[in-house]
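# Working through the structure, step by step
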Amino acid sequence: MQKLRFILSIYTIFFVSCQLFTQVKEVKQSPIIPNPTVFIQSEGEIEFSSDIAICNLNLPLEIQIYLQNQLKDLFKIKCNFNSENGLIQFKKIVNVPTDSYTINITDNILITYSSDASCFYAVTSLIQLIESQSGINTISKCFVSDSPKFEWRGMHLDVSRHFFTVEEVKKMLDLMAFYKFNKFHWHLTDDQGWRIEIKQFPKLTAIGAWRDSTVIGHANTIPNQYNKQREGGFYTQDQIKDIVKYAQNKYITIIPEIEMPGHARAALAAYPEFSCTGKQHGVEGLWGVFDDIYCSKKESIDFNLKILEEVLTLFPSEYIHIGGDEAPKTRWKECANCQKVMKENNIKDEHALQSYFIQQIDRYLTAKGRKLIGWDEILEGGLSPNATVMSWRGEQGGIEAAKQKHFVVMSPSSHCYFDHYQTSSSTEPLAIGGYLTLEKVYTFNPIPSALTAQETVFVLGGQANLWTEYIPNMKQLEYMMFPRALAMAQSLWCTNKPNYKSFENELVNHQFRVLSLMKVNYSKAILYPKTNLIRTNKGIGLVVSSIKQDEKFEIEMVENPIVSYSNPSVIKTLTSKDTLFFDRLSSSNNTKLATITIKSDVLKKPLRIEVNTNSTIGLPVSFATSPNVKFNNRGDLALVDGIRGARPWKGDEWLGFDQDTIEFTLDLLAVKKIKECKIGFLMANGSWIYLPKNVTIFLSKDNEHWNSLHKSKATEYFSQFVFKKARYVKVKVVSNSKIPEGKEGAGFHPWTFIDEIEIITK
Ligand code: ACM
Ligand code: ZN
């Protein structure tokens, strides 16, 4: 690798030096995403006619077709490949790093490449260099030298929770290819639908591909309500072959995922005999984790091996993903067959039994010349000898696997789960929860800092995942994928990743237009007004800003007992330099609601912020236990800014704690008669967020001598009446130490999410 890098440098220096003989205009950022390793712009440009010649030196046919179609579809340029002396010339060269290419644009365009894949990458870069204005297509003179940083640049799509048609999958592949992703992880089976035709087991699709109902709204909203519509679908083997070929033509490998032993309810609806109980259940219509999984008996393993036998005939990929995540051991503990397998094979517990299950699959795949990859739960109970780990519950799984000298793909939910919200805006469509901004994706580095240099060679790369519980159609899929996929592409491809600000500028100035041209329903969240709350000596202030400098915002406030402006309804035009103050002192002792709406051209509906104003706003809070950095966007101000965390979970308002005991103290600044203490807790078990066990409130006049109120059960809208005098209010929260078996995140410490604390005084 070192040597290859050296060769690349020499090769780059050579071209850079040649380039220096021509007139260098300025070293500006390239319009290509992901950004190439080297980009040097020179003076002048070439104008494309509507009919250009391309010199074809054994260019692979699929690349010719791709180039031809892209030029036609995006720029209405026709091209022919039979010219001896074309405007664009391609040259394959040897002794350069794998997948590297250069583009040298002078009076003509010379592309050199080391592999067919890199030729394809060069073409995608070339397309992005073309500027189109009023029907005139130009390309600036420049030099590009490039190669990928990571070999695994993945995107995942769950087609079980919602089905996507062949044409929709192909559009996703087109978009992935355009931004140089090369692995498509196709999540084909799960509890809510089996999507791949298996000829030996026709009921998998006849029964398993269809569910009778689907939960409405968020699964955390209890009681769940269901629509009664039958929905589903599957891909025939011919369709799958067609898609695999389609992806190959764009230099994308498809890694199929066949889930086992958990997330198997759709398969077990068709063949209940392979579960532990044999009981008939339907295909699941709720999102979550379910106790009925494959039994570990030989018949169930053989069933999966026979399925894989057909899967291997359809997918040439070296890697085959077998899931392995979120498999509750509830049934295995009670199943005579599973217990017999454990006894006969001297297996110590049910985690080791899962390892035994996976090892049999690993042996089969290895014998067929393939490689098993699974979610990081496959580490539990012992990692199978040839297994590669996909780390999703943070980095830890990836770190452990690399230390055991196993290959890993990093896909931590903190940076890679595109089903999470990308903004906390009230206008955002329903999502699973979480908060993953474009900027956070941009900071993703697949190499965990805990690894030594030797261990990092086991990190193949990274991947973004699109789980589709809350993504019912292609429009929403595109919205969740873009522009975050571009930030991910940067993190996985770029050797010299520019800073976030220049990436953001590049999106706004260029790539958004490209996405529109490709008819992508991308999110414009980065253009939305951003609200920021600050604590000042005048009280809490709201600052509104946007990436468009000097944008003016029309802000309206209704029900206004709090705002320094005197009218009950205020309409103001603010710029990013102004601050809007909530005046704590003018508020009454009870909580009152004020609604702030902010209008901006990019927003279809105005942003709405509901502020609960009371005498707690802006008071100092000190933490004895800090919130975890992952969920600590505003620090202590979050608890007293008047804005309650959204339910179902959304955005960055909630503070997240992962300790057994959480303690913080609020200072009322003077001794007051306290009537009531209110605290918000979040319950979102699917996201590992649980109500704590209990809450105890302590009161003090001097911050030294404390009186404890009685310990109370925590509820989502916790409230305790007090009727005592105090200046300091200390809150002690005790959480559960483990998520129970059978739930998402079983065995992990649950999160406690808190927002907001309100003290009602007399
Ligand atoms: C996963 O998100 N359950 C891998
Ligand atoms: Zn069993």
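Presented here is an overview of the structure given in this document. (Residues numbered from 1 in each chain as written. Chains lettered and ligands numbered in written order. Predicted model: local features only at pLDDT ≥ 70, side-chain atom pairs only at ≥ 80, totals over all residues. Heavy atoms only, no water.)

### Digging into unusual backbone geometry
Stated formally: Here a helix means four or more residues in a row that DSSP labels H or I, a strand means two or more in a row labelled E, and each is numbered from the N terminus. Each residue is placed in one exposure class: buried if its accessible area under a 1.4 Å probe, protein chains only, is under 20% of its type's maximum, exposed if it is over 50%, and partly exposed if it falls in between.
A cis amide bond links Ile-222 with the next residue in sequence, Pro-223, at an omega value of 0°. One can find Pro-223 in the loop between strand E15 (214-216) and strand E16 (225-227). Phi angles above zero are rare outside glycine, and Lys-76 is one such case at about 55°. Checked against the element boundaries, Lys-76 lands in the loop between helix H2 (61-75) and strand E4 (78-80). When its relative accessible area of 71% is taken as the criterion, Lys-76 is described as exposed.

### A word on the side chain of Thr-112
Applicable threshold: Pairs of N or O atoms within 3.5 Å make up the polar contacts considered here, provided that, within protein, one atom can donate a hydrogen while the other can accept it, and that residues adjacent in sequence are counted only when both atoms are side-chain atoms.
With respect to the helices, strands and loops of the structure, Thr-112 is situated in strand E7 (residues 109-113). Thr-112 sits in the buried class, given a relative accessible area of 3%. In this structure the side chain of Thr-112 is engaged in a polar contact, spanning 2.5 Å, whose partner is the side chain of Thr-102.

### A closer look at the packing of aromatic side chains
Threshold: Any two rings among Phe, Tyr and Trp, with Trp reduced to its six-membered ring, count as a pair given centres within 6.5 Å; such a pair is stacked if its planes are under 30 degrees apart, edge-to-face if over 60, and tilted if neither. The criterion for a charge sitting over a ring is simple: Lys NZ or Arg CZ within 6 Å of the ring centre, and within 35 degrees of the ring normal.
Taken as a whole and judged by the stated rule, the model has 37 aromatic pairs. Between Trp-186 and Tyr-235, the ring centres sit 4.8 Å apart and the planes meet at 55°, which makes this aromatic pair tilted. Of the two residues, Trp-186 sits in strand E11 (residues 183-187) while Tyr-235 sits in the loop between strand E17 (231-232) and helix H6 (237-248), which places them 49 residues apart along the sequence. For the pair Trp-186 and Tyr-235, one class covers both residues: buried. Arranged with centres 4.9 Å apart and planes meeting at 85°, the rings of Phe-631 and Trp-751 form a pair that is edge-to-face. Remark: Trp-751 occurs in the loop between strand E37 (717-734) and strand E38 (752-761) and Phe-631 occurs in the loop between strand E31 (621-623) and strand E32 (655-657); sequence separation between them is 120 residues. No difference in accessibility class separates Phe-631 from Trp-751, as the two residues are buried. Joined through ring pairs, the aromatic side chains of Trp-375, Trp-392, Tyr-417, Trp-467, Trp-688 and Phe-748 make up one cluster. Residue placement shows Lys-497 over the ring face of Tyr-442; its charged tip is 4.8 Å from the ring centre. Lying across the ring of Trp-706, Lys-730 places its NZ or CZ 4.2 Å from the centre.

### Points about the coordination of the zinc ion (ligand 2)
Stated precisely, the cut-off is as follows: Each metal site lists N, O and S donors within 2.8 Å (3.2 Å for Na, K and Ca). With water left out of the atoms, a site can look as if it is missing ligands. Angle rules define the geometry names used: all angles between 85 and 135 degrees makes four donors tetrahedral, while opposite donors over 155 degrees apart and all other angles between 65 and 115 make four donors square planar and six octahedral, leaving every other case irregular.
Taken together, the protein ligands of the zinc ion (ligand 2) are Cys-276 (SG), Cys-295 (SG), Cys-335 (SG) and Cys-338 (SG), with distances of 2.2 to 2.4 Å. Geometry at the zinc ion (ligand 2) is tetrahedral, judged from its four donor atoms and the angles of 106 to 114° they form at the metal. Sequence spacing of the donors to the zinc ion (ligand 2): C-x18-C-x39-C-x2-C. With a gap of 62 residues between them, Cys-276 in the loop between helix H7 (265-270) and helix H8 (298-314) and Cys-338 in helix H10 (residues 336-344) connect regions that are remote in the sequence. Side by side, Cys-276 and Cys-338 carry an identical accessibility label, which is buried.

### Some thoughts on the environment of Gly-86
Quick reminder of the rule: Two residues form a contact once any of their heavy atoms are found within 4.5 Å.
Of note, Gly-86 is situated in the loop between E4 and strand E5 (88-92). Residue Gly-86 is classed as buried on the basis of its relative accessible area of 5%. Along the sequence, Gly-86 and Thr-427 sit 341 residues apart, while their C-alpha atoms lie 51 Å from each other. Setting aside anything within four residues of it in sequence, one finds Gly-86 in contact with Ala-53, Ile-54 and Cys-55.

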